[in-house]
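# Summary of structural features
As a plain string of letters, each chain reads:
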Amino acid sequence: MPLKPGDLFSSELMTRGQQNLFGLDLVRFARSEVLPGQPIDSTVTLVSHIEEALPRIVSGEAGFATETGVSTEASWAHRDFIG
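Read on for an overview of the structure.

### Quick notes on the pattern of salt bridges
Summed over all chains, the structure comprises 1 salt bridge. Across the salt bridge formed by Arg 16 and Glu 12, the nearest N and O atoms sit 3.2 Å from each other. Taken together, the positions of Arg 16 and Glu 12, both in helix α1 (residues 11-22) and 4 residues apart, correspond to about one turn of that helix. Residue Arg 16 is classed as partly exposed on the basis of its relative accessible area of 38%. With a relative accessible area of 55%, Glu 12 lands in the exposed category.

### A short note on a nonpolar patch on the surface
A contiguous nonpolar surface patch, about 220 Å² in accessible area, is contributed by Phe 9, Val 34 and Val 44. Note on placement: Val 34 falls in strand β1 (residues 27-34).

### Thoughts on α1
Compared with the 16 Å implied by 1.5 Å per residue over 12 residues, the 17 Å span of α1 between its first and last C-alpha is a close match. Turning to α1, its buried residues are Met 14, Gly 17 and Leu 21. End-on view of α1: buried residues confined to an arc of 60 degrees, all on one side of the axis. Exposed and oriented more than 90 degrees from the buried face of α1 are Glu 12 and Gln 19. Next to the buried residues of α1 lie β1 and β2 (46-52).

### Focus on the environment of Ala 62
Considering the arrangement of structural elements, one finds Ala 62 in strand β3 (residues 56-65). Taking the C-alpha atoms as reference points, Ala 62 and Val 34, separated by 28 residues in sequence, lie 45 Å from one another. Among all residues touching Ala 62, those that are not within four sequence positions of it are Ser 71 and Thr 72.

Quick notes on the rules
Residues numbered from 1 in each chain as written. Predicted model: local features only at pLDDT ≥ 70, side-chain atom pairs only at ≥ 80, totals over all residues. Heavy atoms only, no water. Salt bridge = Lys/Arg side-chain N within 4 Å of Asp/Glu carboxyl O. Helix = DSSP H or I, 4+ residues; strand = E, 2+ residues; numbered from the N terminus. Buried < 20%, exposed > 50% of the residue type's maximum accessible area, 1.4 Å probe, protein only. Patch = residues over 30% accessible without salt bridge, like charges linked within 9 Å, V, L, I, M, F, W, Y side chains within 5 Å. Areas by Shrake-Rupley, 256 points an atom, 1.4 Å probe, with all protein chains shown as cover. Expected span 1.5 Å × (residues − 1). Arc of directions from axis to C-beta. Contact = heavy atoms within 4.5 Å.

Here it is in structure tokens:
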């Protein structure tokens, strides 16, 4: 998150931080929001919900085209290979 304790609140920075989390391969879901029911003053409490994706994924595709015939493709990814 580009916001640190003591920084002035910016919803744009909060949104940018959420987008940065989505850019990570290990994050499946990320949401940041201002904690409801806070007094209106200069402080804000943010809550972030993050759900990790599986570290490894195997996928495959199969198809048929009139020009090339049957085609297949398989892929394997290790999203946290170097830790």
